[in-house]
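Close look at the chain arrangement
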Amino acid sequence: DSARELIPETEQAVIHLLDEGEQVLIPRAVTGIEKQEYTALNMQLGKGVAGQVIAEGVTVNIADVENDPRFLRQNNPVKFRSLMVAPVQTGKSRLGTISVQSGKPNAFSSDLQQLLASLGMQAALAIENTRLLETTQQGLKEVNALYRITQGLAASLDNEQLMKDVIHLLQQNFGYYQVQIFVIDAQSDELVMRYGSGKTGELLNEQRLPAGTGIVGHAVETGEPFFTNDVDKVVFYLPHPLLPDTRSEMAPPLKAREKVIG
């Protein structure tokens, strides 16, 4: 909004942030553009004006997109003539881009180019401060949850209740899709699911997995935590029909005196 107000002739302004995993710039703040047009604003990294801005950390001012080879046309019709794009960055950390557009050619001067670069730096500082705050708040939630779990372990000899409390605390504090506790059956070495969160967890209680099966079995066999943010890329991932929306999974082993028990 500030870019649109401070830079004359600006009709639309967009902040794209970098999705490093997908290597794409995604619009996160938009003004002057209809909501149904948002999805057309995704940009592949390394291409066109945005690619140059991210790669070099420079501000690019295009007087007329009709005559500039740096501007790559997409399938959708272009509704502007002038385009100015600056990096959203602090130091060498480039988070994305901020761009302004105008229907008039030659709309933006070199002074306005410097102004947009300053706005990009201010946006980067605001974004990094917000991310730091979110990380701190999440860390406090984690510490609080772990503190309550360890306090319960020290105070209670009722392991059944403790496992229920652990499931409840993890679900309540982090909002996970599903939380489960497996223990090893000493007789068969199978993994037995003792408790799970929600109604689905109740249906899965006492489910048995052969030793070494799935991500849970892998964590038990190696004695090391395992996590993935894309289960489809894990060859030993075991899907379950009651949990069709699983995309990420984390499985730390439970240990007692260095022996894995679940």
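Residues numbered from 1 in each chain as written. Predicted model: local features only at pLDDT ≥ 70, side-chain atom pairs only at ≥ 80, totals over all residues. Heavy atoms only, no water.

Structural notes on the side chain of glutamine 101
As for its position among the elements, glutamine 101 is in strand S6 (residues 93-102). Once residues lying within four places of it in the same chain are set aside, the contact partners of glutamine 101 are Glu9, Thr10, Glu11, Gln12, Val14, Phe80, Ser82, Leu83 and Phe108. (Helix = DSSP H or I, 4+ residues; strand = E, 2+ residues; numbered from the N terminus. Contact = heavy atoms within 4.5 Å.)

Comments concerning the sheet that holds strand S9 (residues 208-209)
Reading across the sheet, the three strands line up as S7-S8-S9 and stay open at both edges, with antiparallel pairing between neighbours. Taken across any chain shown, the strands that pair with only one partner, and hence form the sheet edges, are strand S7 (180-184) and S9. Pairing geometry for S7 and strand S8 (residues 191-196), over five bridges, is antiparallel. In the sheet register, valine 183 faces S8, and the bridge partner there is valine 192. Sitting on the sheet, helix H4 (residues 159-174) touches S7 and S8, and the angle it makes with S8 is about 65°. (Pairing = 2+ DSSP bridges. Axes fitted to C-alpha atoms, helices over the stretch in contact; angles between N-to-C directions.)

So, the pairing of strand S1 (residues 12-19)
When a strand is regular, its side chains alternate between the sheet's two faces. S1 sits mainly inside the fold: seven of its eight residues count as buried. Summarising the sheet, S1 and S6 pair through six bridges and their orientation is antiparallel. If you follow valine 14 over to S6, its bridge partner there is serine 99. Here S1 pairs with strand S2 (residues 24-31) via seven bridges, running antiparallel. For histidine 16, the partnering residue across the bridge sits in S2 and is proline 27. (Buried < 20%, exposed > 50% of the residue type's maximum accessible area, 1.4 Å probe, protein only.)

A few points about the pairing of S2
Most of S2 is tucked away: six of the eight residues are buried. Two successive antiparallel strands, S1 and S2, enclose a turn made up of four residues, where glutamine 23 displays a positive phi of approximately 55°. Here two bridges tie S2 to strand S3 (residues 43-44), and the two strands are oriented antiparallel to one another. Counterpart to valine 24 in the pairing with S3 is glutamine 44.

Regarding the sheet that holds S3
Read across the sheet, six strands follow the order S3-S2-S1-S6-S5-S4 without closing on themselves; strand pairing throughout is antiparallel. On the outer flanks of this sheet lie S3 and strand S4 (60-62), each paired with one strand and no other. Along the sheet, helix H2 (residues 48-56) makes contact with S2, S3, S4, strand S5 (82-90) and S6, crossing S6 at roughly 145°.

Topic: the pattern of salt bridges
Here the structure, examined in full by the defined rule, presents seven salt bridges. Glutamate 9 is paired through a salt bridge with lysine 104; the nearest N and O atoms lie 3.2 Å apart. With glutamate 9 in the loop between helix H1 (2-6) and S1 and lysine 104 in the loop between S6 and helix H3 (110-155), the pair connects residues that are 95 residues apart, well separated along the chain. Lysine 104 gets classed as partly exposed once you look at its relative accessible area, which sits at 45%. (Salt bridge = Lys/Arg side-chain N within 4 Å of Asp/Glu carboxyl O.)

Thoughts on H2
Among the residues making up H2, those that are buried are Val49, Ala50, Gly51, Val53 and Ile54. Packed against the buried residues of H2 are S2, S3, S4, S5 and S6. Just downstream of H2, glycine 57 is the residue with a positive phi angle, here 65°.

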